[in-house]
Amino acid sequence: MKIEASELTVANVAPLVDSGVAAIHAGDLTFDLSAVKAVDSAAIALLLTWQRAAQTVGKRIAMTGCPPGLMSLAKLYGVDQLLAVHPHDS
C-alpha cells in the first residue's frame, strides 16, 4: 500500500488506521512510505497498530521508503526491531 500523505502526524493518522488494516486483510503487507517527509510519535503508533493487525492473521508487515525521522523515532522508542523498516533510498 502506497501512503500518499507527506506527513504522518497526530493530525492525519486516524483515517490511515482503517485503510492499512483493510490492506493487510486483503494481503497487502508492504507499506511504501517514500512520500512521507514529516512524522511524529503518532506515526510509530500507526505502524505498531498495523503490525498488530498483521500478527492477528499470522503475518508481518514491512515498510519501505521510510524517512530518516521515522527511523530515528523507532530507535528512540526502542521499537525499531519490532518494525521491519527500510530507509528511503536517496
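Residues numbered from 1 in each chain as written. Predicted model: local features only at pLDDT ≥ 70, side-chain atom pairs only at ≥ 80, totals over all residues. Heavy atoms only, no water.

A. Structural context of the nonpolar core. Counting residues in hydrophobic clusters, the biggest one holds 25 residues, and the most contacted among them are I3, L8, L33, W50 and M63. Contributions of two or more residues to this core are made by α1 (14–25), α2 (41–55), β4 (62–66) and α3 (68–76). Counting residues per element, this core draws most heavily on α2, which supplies eight residues. Excluding residues that lie within four positions of it along the chain, L8 makes contacts with I3, V13, L16, L33, V36, A38, V39, D40, A43 and L46. (Core = buried A, V, L, I, M, F, W, Y, C linked by side-chain atoms within 4.5 Å. Buried < 20%, exposed > 50% of the residue type's maximum accessible area, 1.4 Å probe, protein only. Helix = DSSP H or I, 4+ residues; strand = E, 2+ residues; numbered from the N terminus. Contact = heavy atoms within 4.5 Å.)

B. Expanded view of the packing of aromatic side chains. Under the defined criterion, the tally for this structure stands at one aromatic pair. A centroid spacing of 4.2 Å and a plane angle of 15 degrees characterise the contact between F31 and W50, whose relative ring orientation is stacked. Of this pair, F31 sits in strand β2 (residues 30–32) while W50 sits in helix α2, and the two are 19 residues apart along the sequence. Summarising the burial analysis for this pair, F31 and W50 share the class buried. (Phe/Tyr/Trp six-rings, centres within 6.5 Å; stacked < 30°, edge-to-face > 60°.)

C. Just the packing of α1 against α2, in detail. It is the contact of α1 with α2, at a shortest axis distance of 9 Å, that shows an interaxial angle of 30 degrees. Put simply, α1 runs roughly parallel to α2. For α1 against α2, the interelement crossing comes out right-handed. Residues L16, V17, G20, V21 and I24 of α1 touch α2, and the partners they reach there are L46, T49, W50, A53 and A54. The residue makeup of the contact of α1 with α2, split by class, is eight nonpolar, two polar and no charged. (Axes fitted to C-alpha atoms, helices over the stretch in contact; angles between N-to-C directions. Parallel < 35°, antiparallel > 145°, perpendicular 65-115°, else oblique. Left-handed = near helix turned anticlockwise from the far one by under 90°. Nonpolar A, V, L, I, M, F, W, Y, C, P; charged D, E, K, R; others polar.)

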